[in-house]
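# Architecture at a glance
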Amino acid sequence: MFKIKVRGYSGELMNNEFIDEDYPLIQLQFTARLVNVKVLKPEANNSINKENRNLLSVSLPITAFSLITLGESNQPAHPSIVGKTGIQVSPSMRHVISEIIECPFNDGLRMPYLRAKVSELLILVLSASTEKTGDERWTAAEKDAFYKIRELISLNLSQNYSIEVLAEIAGMNRTKLQSGFKALFGNTIYGYTLALKMAEARRLLSKSERSSLKEITSLLGYSHTSHFSTAFKKHFSFSPSFFRSGKGEELGQES
């Protein structure tokens, strides 16, 4: 049975007293949005009871945390989160935090219940801290390829590149290209291309440009004027001709 100290915003929920042999401790401090993880040495013992600015604070010996988070290699997974700040609190974490704070037991089931919930919460934190972000997932060479594809699209709006062609240019398969592009730039290749084309269409239709629909159709890689007009209306909810009216251009500037 491992020792834990759990403190909610309204006071202590569970208080196992630590002795020198229990240290170092891991302490996880949960706010409404973030988790901060730090290591406590024996001289920090008095600060544990004063921690009242967080939604939840959980302290336990690092040896207990290691046992809870053993990986497949039988090595503790805790080094990946020790000292980390700013881990996002997920909906799953919030749910478990709520279950801890609102523990329904006051008898002999309280301690095993809280230990189980703390263990669940630690696993969720560890999982969130080791999950790679969109930018971390890719090598420098792969990220260079994604930026190269984005620039190629941006400079050649009259071309309609297929995913297969872009993947060949990037030197990777289409699945990696599509997932990497979206992870880095927050949009699909199709969505990014369409957004650029519609922004350019709006510029070309403005009072300062006044390009013809036929010219715009060609410049943006549409085979027929009707195809361009349909795409424009679907994107902006009004037609190119309406945009050319004073009211239409004002709406376009607001979008």
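In this report, the structure presented in the accompanying data block is examined.

Quick notes on the rules
- Residues numbered from 1 in each chain as written.
- Predicted model: local features only at pLDDT ≥ 70, side-chain atom pairs only at ≥ 80, totals over all residues.
- Heavy atoms only, no water.
- Pairing = 2+ DSSP bridges.
- Helix = DSSP H or I, 4+ residues; strand = E, 2+ residues; numbered from the N terminus.
- Contact = heavy atoms within 4.5 Å.
- Axes fitted to C-alpha atoms, helices over the stretch in contact; angles between N-to-C directions.
- Core = buried A, V, L, I, M, F, W, Y, C linked by side-chain atoms within 4.5 Å.
- Buried < 20%, exposed > 50% of the residue type's maximum accessible area, 1.4 Å probe, protein only.
- Parallel < 35°, antiparallel > 145°, perpendicular 65-115°, else oblique.
- Left-handed = near helix turned anticlockwise from the far one by under 90°.
- Nonpolar A, V, L, I, M, F, W, Y, C, P; charged D, E, K, R; others polar.
- Salt bridge = Lys/Arg side-chain N within 4 Å of Asp/Glu carboxyl O.

As a further point, take the sheet that holds strand S1 (residues 5–8). Read from one edge of the open sheet, six strands run S2-S1-S5-S3-S4-S6, paired in antiparallel fashion. Every interior strand has two partners, whereas the edge strands, strand S2 (11–15) and strand S6 (87–88), have only one. As defined by bridge partners, strand S4 (residues 34–40) adjoins S6 across two bridges and the pair is classed as antiparallel. Bridge assignment links valine 35 to a residue of S6, and that residue is isoleucine 87. Against the sheet, helix H3 (residues 91–101) makes contact with S1, S2, strand S3 (25–30), S4, strand S5 (56–61) and S6, and its axis sits at roughly 85° relative to S5, the strand it touches most.

The subject of this paragraph is the nonpolar core. Ranked by internal contacts, the top residues of the largest apolar core, which has 29 residues, are Val6, Leu28, Phe30, Val35, Leu56, Leu60 and Ile100. For this core, the secondary-structure elements that each account for two or more residues are S2, S3, S4, S5, helix H2 (62–68), H3 and helix H4 (110–130). For this core, the leading source of residues is H4, giving six residues. Formed by 16 residues, the second largest nonpolar core is a distinct cluster that contains Ile163, Ala167, Phe185 and Ile189.

Here we take up the packing of helix H5 (residues 140–155) against helix H6 (residues 163–170). One can describe the packing of H5 onto H6 by two numbers: an axis separation of 9 Å at closest approach and a directional angle of 130°. For the element pair H5 / H6, the angle class is oblique. For the pair H5 and H6, the crossing hand works out as right-handed. Residues Ala145, Lys148, Ile149, Leu152 and Ile153 of H5 form the contact with H6, whose participating residues are Leu166, Ile169 and Ala170. The residue makeup of the contact of H5 with H6, split by class, is seven nonpolar, no polar and one charged.

The next subject is the pattern of salt bridges. Within this structure, the stated rule accounts for six salt bridges. A salt bridge links lysine 176 to glutamate 142; its shortest N-O distance comes to 2.8 Å. Residue lysine 176 is found in helix H7 (residues 174–185), and its partner glutamate 142 is found in helix H5; the two are separated by 34 residues along the sequence. Residue classification places lysine 176 among the partly exposed positions, given a relative accessible area of 30%. Note on glutamate 142: relative accessible area 15%, which makes it buried. For glutamate 200, the salt bridge goes to arginine 203, with nearest N and O atoms at 2.7 Å.

This part covers the environment of isoleucine 216. Residue placement: isoleucine 216 occurs in helix H9 (residues 213–219). Measuring from C-alpha to C-alpha, the distance between isoleucine 216 and phenylalanine 228 comes to 8.2 Å, with twelve residues separating the pair along the chain. Dropping the residues within four chain positions of it, isoleucine 216 is found in contact with Ala201, Leu204, Leu205, Ser211 and Phe228.

Of all six residues that make up S5, six are buried, and the element is covered over most of its length. As paired strands, S1 and S5 are joined by four bridges and run antiparallel to one another. In the strand pairing of S5, valine 6 is matched with valine 58. Where S3 lies against S5, six bridges are found, and the strand directions are antiparallel. Looking across to S5, one finds that phenylalanine 30 is bridged to leucine 56.

Attention now moves to unusual backbone geometry. For residues besides glycine, phi is generally negative; the peptide bonds are generally trans as well. For the bond from tyrosine 23 to proline 24, the omega torsion is 0°, close enough to zero to count as cis. By the element assignment, proline 24 lies in the loop between S2 and S3.

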